[in-house]
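The primary structure of each chain is shown beneath.
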Amino acid sequence: MNRTYLQLDHLGITFPTPKGPFCALQDVNLRIDKGEFIAIIGHSGCGKSTVLNIVAGLLRATVGGAILENREVTEPGPERAVVFQNHSLLPWLTVYDNVRIAVDKVFGARKTKQERDAWTCHNLELVHMEHALDKRPNEISGGMKQRVGIARALAMEPKVLLMDEPFGALDALTRAHLQDSLMEIHGKLGNTVLMITHDVDEAVLLSDRIVMMTTGPAATIGEVLDVGLERPRDRLSLAADADYNHYRAEVLRFLHARQRNPRAA
Amino acid sequence: MTTHVLSPDVLNDGRTDSARSQNPAGQGLAAQAAPAAREGVPAVAEPQDGARKRRSAPQGDPPAGNAASPNWAEAIIRATLPPLLTFGVVLGIWAFISAAIVPDIPGPGATFEHAKEVLADPFYQAGPNDMGIGWQVLFSLSRVLSGFALAALVGIPLGLLIGMSQPVRRALGPLIQILRPVSPLAWLPIGLLLFKAVNPSAVFVIFITSIWPIILNTAAGVQAIPQDYLNVAKVLQLGRWDVTRKILLPATRPHIMTGMRLSLGIGWMVIVAAEMLTGGIGIGFYVWDEWNNLNVASIIVAIGIIGLVGILLETVMDRIQRRFDYTRGGH
């Protein structure tokens, strides 16, 4: 009970619309342990990004809320760093400065200039971007931008790393590379990660538990699947692994048999 | 695309489609004035279409312009010939009007002779009311630049404020919408009453001229900032001052530059009219003075110089804008 690190407690949100209140999320309950990698999967529009935005503090829940280390989330903060879907690097800053701005803000008072410089470079090395420190975002590829976005989030030393479909806009090969990088980083640092995805393989490959959301309105958690695959995981050997394919089938069954997306019909 | 630069869209509540676009509002309009200045050079790099080739072949190709001549010679001809033709046609019409319709307008030849005279000593000083055309231009430029600088000083912060805060937008929106369409010259009497002097009144008129494009473009720039950048600022818990300094200002810089470029161009146009009314030294009054002396050749020379200075201002602003525009870098 008290091991719970991040808790979503009866979380619900209702948006006012011209046609009256719209209940997007209802009664979302989830307990996440420290170091866990959680993937939230569901059809587009089911409110999974809304869950993440509430944990990030960018949205306020109407009912219930998110509790991180026994403190309710009321506003955004660097201890819940977000990797946005479209990287959202600041285009007028170099790769280095995009990470440094976060480092300066979070560690400005605690670290010396040299330490902050080293920490910035260290995080860019983690994502293998140390070769492009002086490049601007429009001079690097989409995958590289997302790597820098991850480095910026990691550099805040967040308690929870929130990732909103971080690889959704990338091509399959680049996505695979970044997934491998993320697994490597997670293995090294043991971050607590909450990741939104609509990619079944990504969810099974990366996460400890897959949270499957029902289709909205009033979306909530349908099932939670424990992924008992050994770490470190290797995508090639897993491709033929019976357990892997079992988990994959479970998620697919949920998404396509139990929760058909009405809009995709 | 061209109209909404100056449109009051940004003053309305909520984000408009135009304001949401990533490109600085009015890039189009700002760029419109530029081709005149740039046409000459980049045309070299333009893909040469067949029609152009055919047109230039019979007239333009010099005797050496056969297969043996280097390509660049041909390219230079293609680039310079069309504008030369245009100037030729205009000179022809001018000469015709002067010779056959309005003999009071001196022809191109007479004007050229006069221009040599005027430009031989542009910076002579023969008393407070008799100075060379160079001085006239410099006086006008100094008024434009002072009014423009003041407008930027007031307009940029005001635009940021309007862009950021809905209450401020609501408070100032109607006022700006009423005042913006007013010809800046209408403010001249108010300026004269306020400052009891001609020079500050002209600067005041340029200030009024320049401030609207700066305010509106800056405000549009703030509203066009992607929500993502602001979310980054929120996650980093940047304070208001840091958000302004590290996110708002750099993100809106291209818009601000567009507004400044527009306003400087309009300011240079308005100063001529303003000085015609205020008198004193300045290219506008020079034109009016020469008209009173029925010295039409001087007026035509002045028109040419006003145009050239306009191109110069435009080019300088374009350079500065390119320097500041992160969206044009790379790729």
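All residue numbers refer to positions counted from 1 along the written sequence of the respective chain. Each chain is given a letter, starting from A, and each ligand a number, starting from 1, according to the order in which they appear as written. A pLDDT threshold of at least 70 governs which residues receive local features in this predicted model, and a stricter bar of 80 or more applies before side-chain atom pairs are shown or counted, although totals over entire chains, interfaces and linings include all residues. Side-chain measures were taken over the full set of non-hydrogen atoms in the model, leaving aside hydrogen atoms and water.

By the criteria applied, helices consist of DSSP H or I runs no shorter than four residues and strands consist of E runs no shorter than two, each listed in order from the N terminus. Per the secondary structure count, chain B includes 14 helices and 0 strands. Sequence-ordered secondary structure for chain B, helices as α and strands as β, is α-α-α-α-α-α-α-α-α-α-α-α-α-α. Partly exposed describes any residue whose relative accessible area lies between the buried limit of under 20% and the exposed limit of over 50%, with all areas from a 1.4 Å probe on protein chains only and scaled to the type maximum. A total of 331 residues make up chain B; the buried ones form 42% of that total. Taking the contacts inside chain B whose residues are at least 6 apart along the sequence as the reference set, 71% of them involve residues at least 24 apart. Shrake-Rupley sampling with a 1.4 Å probe provides the accessible areas, and residues are treated as covered by the protein chains on show and by no other component. Surface accessibility of chain B: about 17300 Å² in total, with carbon and sulfur atoms responsible for 68%. Every residue pair with non-hydrogen atoms within 4.5 Å of one another is taken to be in contact.

When helices and strands are tallied, chain A shows 8 helices and 10 strands. By residue count, 54% of the 265 residues in chain A fall in the buried class. If you take every contact in chain A between residues at least 6 apart in sequence, the share linking residues at least 24 apart comes to 68%. Only carbon and sulfur atoms are counted for the fraction: they give 50% of the accessible area of chain A, which is about 11900 Å².

It helps to recall that an α-helix has 3.6 residues per turn; residues three or four apart then point in one direction. Its 13 residues give helix α2 (residues 95–107) of chain A an end-to-end C-alpha distance of 18 Å, which sits within 8% of 18 Å, the value for a rise of 1.5 Å per residue. Judged by how many residues are buried, α2 of chain A sits mostly within the fold: 10 of 13 residues are covered. When we look at burial in α2 of chain A, the residues that qualify are V95, Y96, N98, V99, R100, I101, A102, V103, V106 and F107 of chain A. Elements in contact with the buried residues of α2 of chain A: α3 (113–126) and α4 (142–155) of chain A together with α12 (240–278) of chain B. To estimate the expected span of a helix, subtract one from its residue number and multiply by 1.5 Å.

Our focus in this paragraph is the sheet that holds strand β3 (residues 37–41) of chain A. Working definition: the strands of a sheet are paired by backbone hydrogen bonds and lie parallel or antiparallel to each other. Residue and element names in this part refer to chain A. Strand pairing requires that DSSP identify at least two bridges connecting the strands. What the 6 strands build is an open sheet, ordered β6-β7-β8-β3-β9-β10; its pairing is mixed. Single-partner strands in this sheet number two, and they are β6 (82–83) and β10 (221–226). Strand direction decides the pairing type here: β3 and strand β8 (residues 192–197), joined by 5 bridges, are parallel. Residue pairing in the sheet places I38 in a bridge with L194 of β8.

This part covers the confidence of the model for chain B. Any residue range with low pLDDT should be treated as having predicted coordinates unsuitable for detailed reading. All names here are of chain B. Within a predicted model, pLDDT stands for the predictor's per-residue confidence, ranging from 0 to 100. Averaged over every residue, the pLDDT of chain B is 81; residues scoring 70 or more account for 78%. When the elements of chain B are averaged for pLDDT, helix α3 (residues 35–38) gives the smallest value, 38, and helix α10 (residues 198–223) the largest, 95. The low-confidence segment residues 1–10 (pLDDT under 50) makes 29 contacts with residues lying over four places distant or belonging to another chain. Overall, residues 12–65 carries pLDDT values under 50, and its contacts beyond four positions in sequence, including any with other chains, amount to 77 contacts.

Our next topic: the environment of L173 of chain A. Inspection of the secondary structure puts L173 of chain A in helix α5 (residues 172–189). L173 of chain A gets classed as exposed once you look at its relative accessible area, which sits at 65%.

In this section: the interface of chain A and chain B. Chain A puts 22 residues into the contact, and the matching count from chain B is 19 residues. By convention, the term buried area covers the 1.4 Å-probe accessible surface removed from two parts as they join, with the contributions of both added. Interface area for chain A against chain B, summed over the two sides, is near 1900 Å², with a carbon-plus-sulfur share of 69%. When the area that chain A buries against chain B is broken down by residue, the three leading residues are W92, K105 and N138 of chain A, summing to 34%. By convention in these notes, a salt bridge is any Lys or Arg side-chain nitrogen within 4 Å of a carboxyl oxygen on Asp or Glu. At the junction of chain A and chain B, the tally comes to 0 salt bridges. Counting of polar contacts relies on pairs of N or O atoms within 3.5 Å, with two restrictions inside protein: one atom must be capable of donating a hydrogen and the other of accepting it, and residues adjacent in sequence are counted only when both atoms are side-chain atoms. Taken together, the connections running from chain A to chain B amount to 5 residue pairs in polar contact (both at pLDDT 80 or more). Per element, the largest residue contribution to the side of chain A that touches chain B is 3 residues, and it comes from α2 of chain A.

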